[in-house]
Amino acid sequence: MAKRQRKPPRYQLEAELKKRIPANLKAQAKNNSYSPPEYYEDLRFQCVDCGADELWTAEQQQWWYEVAKGPIFSTAIRCLACREKLRDSHQGTPRRTHAERCRDVGKAD
Ligand SMILES: [Zn+2]
């Protein structure tokens with residue numbers, strides 16, 4: 001009598017369906033976490049600016065954490081369109097004007 005093939009449990013099928021990229025813990029930005037992300041998988045999130053449903057892919061996360069050395073607790077909050085809009089509005093790095101800096105320290109210059 002042939003043994004019936006056992007069906008793999010659902011959690012195993014789901015893990016195979018989801019694309020997981022194992023993390024290179026040594027490449028991540030320095031952190032004191034006991035539980036750094038050990039793998040990356042596609043993550044759904046809602047853009048804080050326009051509310052669009054967006055996908056932060058496993059590949060993008062790997063780049064962010066291991067190449068750009070993003071803080072391991074940081075996560076995507078804006079869609080690509082909103083990030084580009086924000087980047088254009090301050091032309092790269094956010095900068096404050098000379099007047100704003102003087103106002104902050106409370107003296108005219
Ligand atoms: Zn957006």
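Placed above this text is the structure.
The notes below deal with the structure included here.

About the thresholds
- Residues numbered from 1 in each chain as written.
- Predicted model: local features only at pLDDT ≥ 70, side-chain atom pairs only at ≥ 80, totals over all residues.
- Heavy atoms only, no water.
- Pairing = 2+ DSSP bridges.
- Helix = DSSP H or I, 4+ residues; strand = E, 2+ residues; numbered from the N terminus.
- Salt bridge = Lys/Arg side-chain N within 4 Å of Asp/Glu carboxyl O.
- Buried < 20%, exposed > 50% of the residue type's maximum accessible area, 1.4 Å probe, protein only.
- 1 Å grid on protein atoms, 1.4 Å probe; cavity = no way out; pocket = protein on both sides within 12 Å on 5 of 7 lines; lining within 4 Å.
- Points joined across faces, edges and corners; volume = space filled by probe spheres on them.
- Nonpolar A, V, L, I, M, F, W, Y, C, P; charged D, E, K, R; others polar.

Quick word on the pairing of strand 4 (residues 53-56)
Pairing of strand 3 (residues 43-46) with strand 4, which is carried by four bridges, proceeds in the antiparallel orientation. If you follow Gln 46 over to strand 4, its bridge partner there is Asp 53.

A look at the pattern of salt bridges
For the structure shown, the criterion picks out two salt bridges. Arg 20 is the partner of Glu 41 in a salt bridge, and the nearest nitrogen-oxygen pair spans 2.9 Å. One end of the pair, Glu 41, is in strand 2 (residues 39-41); the other, Arg 20, is in strand 1 (residues 20-22), with 21 residues separating them in the sequence. Between Arg 78 and Asp 49 there is a salt bridge; the shortest N-O distance is 2.7 Å. Separated by 29 residues along the polypeptide, Arg 78 in the loop between helix 2 (58-67) and helix 3 (80-90) and Asp 49 in the loop between strand 3 and strand 4 bring together distant segments of the chain. Arg 78 sits in the partly exposed class, given a relative accessible area of 24%. Exposure remark for Asp 49: the relative accessible area of 47% places this residue in the partly exposed category.

Remarks on the layout of surface pockets
Looking at the largest pocket, its volume works out to about 460 Å³. Lining the largest pocket are 17 residues; nearest its centre among them are Trp 56, Ala 76, Ile 77, Arg 78 and Arg 83. Where the lining of the largest pocket is concerned, the elements lending two or more residues are strand 4, helix 2 and helix 3. The leading source of residues in the lining of the largest pocket is helix 3, at five residues. Tallied by class, residues from the lining of the largest pocket come to ten nonpolar, three polar and four charged.

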